[in-house]
Structures are given as structure tokens and as C-alpha cells.
Amino acid sequence: MQSSAEPRSGRPSRPGRRRGRDRRGRGLRGPLAPPEIPLSLTRAEQFDELVLDAVERLERRWPQLSGVEFAVEEVPPPGAELWSDEPVPLGRVVQAGRGEPARIVVYRRPLEVRAPVRAELGLLVHDIVVEQVADLLGLDPEIIDPE
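What you are looking at is a predicted structure, and each value in this text was computed from that prediction instead of being measured.

Asks: Account for the environment of E112, naming residues and giving values.
Replies: Among the structural elements, E112 can be located in helix α2 (residues 108-114). When the C-alpha positions of E112 and V125 are compared, they lie 9.3 Å apart, and in sequence the two are 13 residues distant.

Take a look at the structure:
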């Protein structure tokens, strides 16, 4: 039976020495990229950035959007197909009511499934935000963003 002071290898342990990642004198390993670089953003954070970019672009042209809340949710809630023309909604407008501002919700997972490439995803996110803003303002999407 081994004593608690000796590791299983049979060698006595050295007090104060800790085996770590600096085994060959190269220094401790750190993150691959600093937190402010996009490489370290999660997919959800990258998606949030795409939505923010689309909203900022539209707010410059439509100042009345400053009072609208924009939100990102992972997936539509159960029963969402009842209030949408799509089998799986990509976004939703919640009209303003009793002290609550109008709200536009974009659903991340259905959009990511439809556009797996980041460049396509950015375009699709922008299109969905434009469609939701057009629905909220009662205008054509081409009027909201002619590009």
C-alpha cells in the first residue's frame, strides 16, 4: 500500500513544485486572441454584432427606430408558426403597448441554418431586420432599405 505522501509512480513528490503547462520553459500558454478580437467571440456574440450592424445602418436613415427595442432569441417559442406565414419564423414584431416600446425579435438558430456562411448570414440578417422594420412602420421593405 502506498503512503499518501508518495504519488502512484513511486517517486516522492517535491513540495512547492507544481507540474504545469510551463514544462519546457516556453512560458505559460494564454488565449489565442485577446477578448476584443472577433476570433474570441462566440457564435451568438457574432450574430448579435450582425444584428447591431443592421440596426445601426437603418437607424441613420430612420431616426424613429431609436425608441424600438431589438432583441435576439435562440429559437422561436412554441406555437410561433400560428402568428407567422413561415413554418419557422425568422423574426417577429411586437407592437408597442401600455408603456412598453415596440420590439423587434430576430431568431438566431433558424437564420444560421439557412445561411451557414458568415457573409450570407450577414445579408440574411440585414434582410430580416429590414422586413421587420418595414412591418413595424407599415412600409415596403424596398422603401426602408432600397439597396
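Asks: Any chance you could break down the pattern of salt bridges for me, citing the residues and the numbers?
Replies: Here the structure, examined in full by the defined rule, presents five salt bridges. In this structure, the salt-bridge partner of R57 is D145, at a minimum N-O distance of 3.7 Å. Within this pair, whereas R57 is found in helix α1 (residues 43-61), its partner D145 is found in the segment after α4 (141-144), the two being separated by 88 residues in sequence. Residue classification places R57 among the partly exposed residues on the basis of a relative accessible area of 34%. The salt bridge partner of R103 is E69, with a shortest N-O separation of 3.9 Å. With a gap of 34 residues between them, R103 in strand β3 (residues 103-107) and E69 in strand β1 (residues 69-73) connect regions that are remote in the sequence. For R103, a relative accessible area of 32% corresponds to the partly exposed category.

Asks: Give a description of the side chain of H126 that names residues and reports values.
Replies: By the element assignment, H126 lies in helix α3 (residues 118-137). Leave out the neighbours within four places in its chain, and H126 touches A54, R57, L58 and D145.

Asks: Provide a residue-level description of the sheet that holds β3, including the pertinent values.
Replies: Read from one edge of the open sheet, three strands run β1-β3-β2, paired in mixed fashion. The sheet terminates laterally at β1 and β2 (91-94), the two strands that pair on one side only. Neighbour to neighbour, the strand axes of the sheet diverge by 20 degrees on average, direction disregarded. Relative to β3, β2 is paired through four bridges, and the arrangement is antiparallel.

Asks: Explain the nonpolar core residue by residue, including any values.
Replies: If you look at the biggest cluster of nonpolar residues, it comprises 25 residues, and the most contacted ones within it are L111, V125 and V129. Those elements that place two or more of their residues in this core are α1, β3 and α3. Top contributing element to this core by residue count: α3, with eight residues.

Asks: Could you give me a rundown of a negative patch on the surface, with the residues and numbers involved?
Replies: A surface patch of negative charge is lined by E45, D48, E49, D53, E56 and E59. Mapped onto the elements, E56 comes out in helix α1. Residue class for E56 comes out partly exposed when judged on its relative accessible area of 43%.

Criteria and cut-off values
Residues numbered from 1 in each chain as written. Predicted model: local features only at pLDDT ≥ 70, side-chain atom pairs only at ≥ 80, totals over all residues. Heavy atoms only, no water. Helix = DSSP H or I, 4+ residues; strand = E, 2+ residues; numbered from the N terminus. Salt bridge = Lys/Arg side-chain N within 4 Å of Asp/Glu carboxyl O. Buried < 20%, exposed > 50% of the residue type's maximum accessible area, 1.4 Å probe, protein only. Contact = heavy atoms within 4.5 Å. Pairing = 2+ DSSP bridges. Axes fitted to C-alpha atoms, helices over the stretch in contact; angles between N-to-C directions. Core = buried A, V, L, I, M, F, W, Y, C linked by side-chain atoms within 4.5 Å. Patch = residues over 30% accessible without salt bridge, like charges linked within 9 Å, V, L, I, M, F, W, Y side chains within 5 Å. Areas by Shrake-Rupley, 256 points an atom, 1.4 Å probe, with all protein chains shown as cover. Lys, Arg positive; Asp, Glu negative; His and termini not counted. Charge placed at Lys NZ, Arg CZ, Asp CG, Glu CD.

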